[in-house]
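For reference, the chains in residue letters:
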Amino acid sequence: MTELITVVTAVHAPSAPYLADAYASLLGQELPDGWDWQWVIQEDGETGEVAPYVPDDPRISFGQGRRGRAAMARTVGLSRADGRFVKVLDADDMLAPGALARDLRALTDDPSLGWATCRVLDYLPDGSTVGFDEDPPQGPIERGTVLRYWQEHDYRAQVHPATLCVRRELLLALGGWMALPASEDTGLLMALSAVSRGWFSADTGLLYRKWPGQVTSQPSHADEAERKARFAVVEARALALASLGGWRFGGV
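Definitions and cut-offs
Residues numbered from 1 in each chain as written. Predicted model: local features only at pLDDT ≥ 70, side-chain atom pairs only at ≥ 80, totals over all residues. Heavy atoms only, no water. Phe/Tyr/Trp six-rings, centres within 6.5 Å; stacked < 30°, edge-to-face > 60°. Helix = DSSP H or I, 4+ residues; strand = E, 2+ residues; numbered from the N terminus. Buried < 20%, exposed > 50% of the residue type's maximum accessible area, 1.4 Å probe, protein only. Salt bridge = Lys/Arg side-chain N within 4 Å of Asp/Glu carboxyl O.

### Let's talk about the packing of aromatic side chains
Inspection of the entire model under this criterion finds five aromatic pairs. Ring geometry for Trp35 and Phe85: centres 5.9 Å apart, planes at 35°, overall tilted. In this pair, Trp35 sits in strand 2 (residues 35–43) while Phe85 sits in strand 4 (residues 85–88), placing the two residues 50 residues apart along the sequence. One exposure class covers both Trp35 and Phe85, and it is buried. Look at Trp150 and Phe231: their rings are 5.5 Å apart centre to centre, the planes differ by 85°, and that puts the pair in the edge-to-face class. Of this pair, Trp150 sits in helix 4 (residues 145–152) while Phe231 sits in helix 7 (residues 224–242); the two residues are 81 residues apart in sequence, bridging distant segments of the chain. In terms of burial, Trp150 and Phe231 fall into one category: buried.

### Details of the pattern of salt bridges
With the rule as written, the count across this model stands at 14 salt bridges. The salt bridge partner of Arg59 is Asp57, with a shortest N-O separation of 3.0 Å. Using a relative accessible area of 9% as the deciding quantity, one classes Asp57 as buried. For Asp110, the salt bridge identified is with Arg197, shortest N-O distance 3.5 Å. Here the residue Asp110 occupies a position in the loop between helix 3 (99–109) and strand 6 (113–123), and Arg197 occupies one in strand 10 (residues 197–209), the gap between them amounting to 87 residues. Judged by its relative accessible area of 23%, Asp110 falls in the partly exposed class.

Without other data, these values stay purely geometric and don't point to any function.
This is the structure in structure tokens:
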């Protein structure tokens with residue numbers, strides 16, 4: 001029987017035209033024998049402006065719901081996720097060749113790993129790319145490592161949450177993405193770091209599109225009071241999880 005990796009995408013009307021590029025990057029994935037992908041697309045809203053951009057493919061499940069930003073859309077989308085693993089793909093980003101296969105290889109080879117991330121390149125409007133110069137080495141990331149780095153580097157993550165692939169049961173145990181107006185994916189990543197080991201692939205796995213309409217480029221995203229509040233609750237949650245010494249994912 002074919003096993004599935006579920007790719008979850010939250011989308012709103014301004015980013016819908018980029019779904020075609022995301023879909024093309026999914027079509028370019030070569031998966032191990034016995035595996036296929038499922039793409040769960042969840043509109044943040046019920047505008048009628050996203051559906052025309054959703055490709056016609058039986059592996060795609062499209063849903064709509066009340067507006068609540070990306071965290072709510074992704075978490076609601078989990079109701080249709082059938083895969084053993086869940087991969088994040090923002091509507092305006094693209095997977096690099098081999099990304100899904102590398103995630104699957106890492107997580108199936110070592111059951112003690114709860115999640116995987118990879119190298120990311122910013123994809124600029126002129127088509128050029130820019131990398132991050134502080135990537136960790138390829139291999140396992142011990143429990144708490146990403147959280148400590150984030151705390152010690154002005155709340156900047158060592159690995160990019162937009163590249164996350166996670167075991168479905170662990171994602172559900174942590175409640176999905178945090179109920180925040182932004183940084184909901186960072187909140188999940190820090191929670192994962194607090195409770196389990198992860199993996200980093202040094203191969204580029206994601207092209208992270210930079211464009212004027214993206215949520216993280218809006219002035220409200222940089223509001224200092226909100227930023228402090230977001231990261232305060234992200235940190236408090238992660239530390240609370242880390243203090244539950246009896247819980248280790250995978251027995252580690």
